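# Remarks on the overall topology
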Amino acid sequence: MLNAQAMMRRPVVRIQSTRMNRRAFLKAGASAAVGAFASSGLAFTADTEIKLSLGEPGAVISPHIYGHFIEHLGGVIYDGVWVGRNSSIPNVDGIRKQFVDDMKGIGAPNLRWPGGCFADGYHWRDGIGSASKRPRTYNFWQRRMPAGIDATETNQFGVHEFMHLCHLVGAEPYIAANVGSGEPAEFHDWVSYCNAPVGTVSLADERAADGDKEPFGVRYWGVGNESWGCGGTMRPQEYAALYRRFVTQFPAYTEPFLVATGPRGHSADGDIGWTTGFFDAMRGFEPPDGFSLHFYTDLRPTPLKAGDFKAPEWYEVLLRGVRLEKVIEDHWKEMGKFDAAHRTKLVVDEWGVWYAPGSEITPAYILSETITLRDAVHTGMTFDIFNRHADKIAMANVAQSVNCIHSLFLAQGAKFVRTPVYHVFDMYRPHMGARHVAVSNPVPEMNVPALAGQARLPGLSASASVRDRLLTVTLTNPSLETALAVRVRLAGGVRATEARGLVLTHQDMRATNTFANPEEVKPAAHPVKVVADAIVLNLPKQAVVLVECEIV
């Protein structure tokens, strides 16, 4: 078996980080990997064989499944994203340049803003016009701040700044509108301000006077956020009536994708009653395009810590994380009782591992967490679930991109670091826009220690996709003890030619990236070999692996 530390010393190969010819890139990677495979002494006898049904490609994996989320919370916007136009930190018109570059580098498809719970107290006019004249307003998260630390909203990062960020990154804006404390007219005016052409309504001319003549073309609109909680503490029937009021007079300058508030999926019962109640109250009315499902791997009620843990705590996070698959299936089935054609798709616009306080970057950056290899493995397993349910999910948004919960980045002043989670987003990028390929995965469940005793966890997580003649396979081994020799068989008369592998792992399950040591956990080239109608590789313990190959 390949030593994990030795693998981590291998040269880093970045996915799609070069403009060189794709076939030449794969060929070079394949040659290096085969050489490494031969020298490693890996046996070709597989512990398990998974089968890919390449003759039957499935739904397109929407790039929007790999989406992002930023909120006016702790250090997310101010310092994480916005450093100010006069900052000595490299920036683009006040926006942290490193954040822009890295988000662009992973092809971030969308960005959800301004919340979160902040959204239902946000009035968009506070964030337009001259920055020096914008009001200072109350922030919902003030109540969570440590004593003596203020969270008053300055509104220096507003509508135009957000749109500029999206433009720089190449991401589509996804705006969560204020339903909890706003009115339909305010929502409609915001849509017109963003999308109406100059010379039509006065709001379009106002936008031009504020610096942007061209419409923003915002398509994705969330009609409220967590309306069962911080967005209004409503019952589903109440929210359904309010949803209809907000969308009936929608100014459709751009064909919208309207997202209704859905359930808190990490509730003990999955919150299935919210889904039933909402769709029952929507009988006879136009259904939404998307239905928001929030699912946190919620460890806040437990003693489990973000950065210091043992084997039971490692497995507890993964066990709670894989519940997401059943939650997706249950709500999809329930939605089908009212919408047999499934016109409404799921939008998992908040997901991630949420730990109890204790590992914040600084006390003011509430909900920031230490992100370890465990969270990267959780991310790989989550993306495999999303890929396998590509027919059901239109969008998903990690909570949140920087300095909050399941972050890709941590930032404080001039310091900035990519977390292990960032690298999984980068590794899974080839799935974006490809067609899902069914995977037959016979690996049995593992019997693992957890907080409440022994439990059963999938022994291997996998998903696959194909675009043209490029096959992408992602595999996650959650075991802390055992590596797997895997044979990936290509069914349907398909053969692989060139192949390469990439692995994210570390000998220490608690490994993390810090400001002082930013590359402790990073991807490395991984040996794979094409054998007849199959690809053979070793899957290290506690690892996420990417395999790409050309097929004929």
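Anything mentioned here points back to the structure above.
### As for the pairing of strand β16 (residues 446-450)
Covered by surrounding structure in β16 are M446, V448 and A450 only, the residues N447 and P449 on the alternate face being uncovered. The pairing of β16 with strand β17 (residues 453-457) spans five bridges and is classified as antiparallel. Counted as the bridge partner of M446 is L457 from β17. The turn joining β16 and β17, which pair antiparallel and follow one another in sequence, is formed by two residues.

### Some remarks on the state of the cysteines
On inspection of all chains with the given rule, the structure shows one disulfide. Bridging C117 to C230, the disulfide has an S-S length of 2.1 Å. Around the S-S axis, the bridge from C117 to C230 shows a dihedral of about -85 degrees and counts as left-handed. Placement of the pair is C117 in the loop between β5 (110-113) and α4 (159-169) and C230 in the loop between β7 (220-223) and α7 (236-248), with a sequence separation of 113 residues.

### Considerations on the side chain of N513
Structurally, the position occupied by N513 is in the loop between β21 (496-504) and β22 (524-526). Given the relative accessible area of 3%, N513 is considered buried. A distance of 3.1 Å separates the side chain of N513 from the backbone nitrogen of E520, its partner in a polar contact. The residues touching N513, leaving out its near neighbours within four places in the chain, are I371, V417, R418, T419, P420, H423, P518, E519, E520 and V521.

### Comments concerning helix α5 (residues 184-195)
Helix length check: α5 (12 residues) gives 16 Å between terminal C-alpha atoms against 16 Å at 1.5 Å per residue, within 8%. Most of α5 sits inside the fold, with nine of its 12 residues counted as buried. Here α5 has its buried residues at P184, F187, H188, W190, V191, S192, Y193, C194 and N195. Turning to α5, the residues buried within the fold contact β5, α4, β6 (172-177), α6 (202-209), β7 and α7.

### Here we look at the sheet that holds strand β1 (residues 48-53)
Read across the sheet, five strands follow the order β15-β1-β20-β24-β23 without closing on themselves; strand pairing throughout is mixed. Each having just a single partner strand, β15 (439-440) and β23 (528-531) make up the two edges of the open sheet. Relative to strand β24 (residues 534-539), β23 is paired through four bridges, and the arrangement is antiparallel. Paired with V531 across the two strands is A534, which belongs to β24.

### A short note on the sheet that holds strand β14 (residues 435-437)
Spatially, β14-β18-β19-β25-β21-β22 is the arrangement adopted by the six strands of the open sheet, whose pairing is antiparallel. Because the sheet does not close on itself, it has two edges, and the strands there are β14 and β22. On average, each strand axis in the sheet is inclined to that of its neighbour by 25 degrees, with strand direction left out of account. Across seven bridges, β21 lies against strand β25 (residues 543-551) in antiparallel orientation. Paired with V503 across the bridge in β25 is V545. Its contacts with the sheet put helix α12 (residues 420-427) on β21 and β25, and the angle it makes with β21 is roughly 170 degrees.

### Overview of empty space enclosed by the protein
Tallied over the entire structure, the rule returns three cavities of 30 Å³ or more. What the largest cavity holds in volume is close to 70 Å³. Lining the largest cavity are 15 residues, and of these G224, N225, T261, S292 and D349 lie nearest its centre. If you list the elements that add at least two residues to the lining of the largest cavity, you get β6, β8 (257-260) and β9 (290-298). Per-class residue counts for the lining of the largest cavity are five nonpolar, seven polar and three charged. A volume near 50 Å³ is recorded for the second largest cavity. Top contributing element to the lining of the second largest cavity by residue count: α5, with three residues. Split into classes, the residues belonging to the lining of the second largest cavity amount to five nonpolar, two polar and one charged.

The rules behind the values
- Residues numbered from 1 in each chain as written.
- Predicted model: local features only at pLDDT ≥ 70, side-chain atom pairs only at ≥ 80, totals over all residues.
- Heavy atoms only, no water.
- Buried < 20%, exposed > 50% of the residue type's maximum accessible area, 1.4 Å probe, protein only.
- Helix = DSSP H or I, 4+ residues; strand = E, 2+ residues; numbered from the N terminus.
- Pairing = 2+ DSSP bridges.
- Disulfide = S-S within 2.5 Å.
- Polar contact = N/O pair within 3.5 Å; in protein donor to acceptor, adjacent residues only side chain to side chain.
- Contact = heavy atoms within 4.5 Å.
- Expected span 1.5 Å × (residues − 1).
- Axes fitted to C-alpha atoms, helices over the stretch in contact; angles between N-to-C directions.
- 1 Å grid on protein atoms, 1.4 Å probe; cavity = no way out; pocket = protein on both sides within 12 Å on 5 of 7 lines; lining within 4 Å.
- Points joined across faces, edges and corners; volume = space filled by probe spheres on them.
- Nonpolar A, V, L, I, M, F, W, Y, C, P; charged D, E, K, R; others polar.

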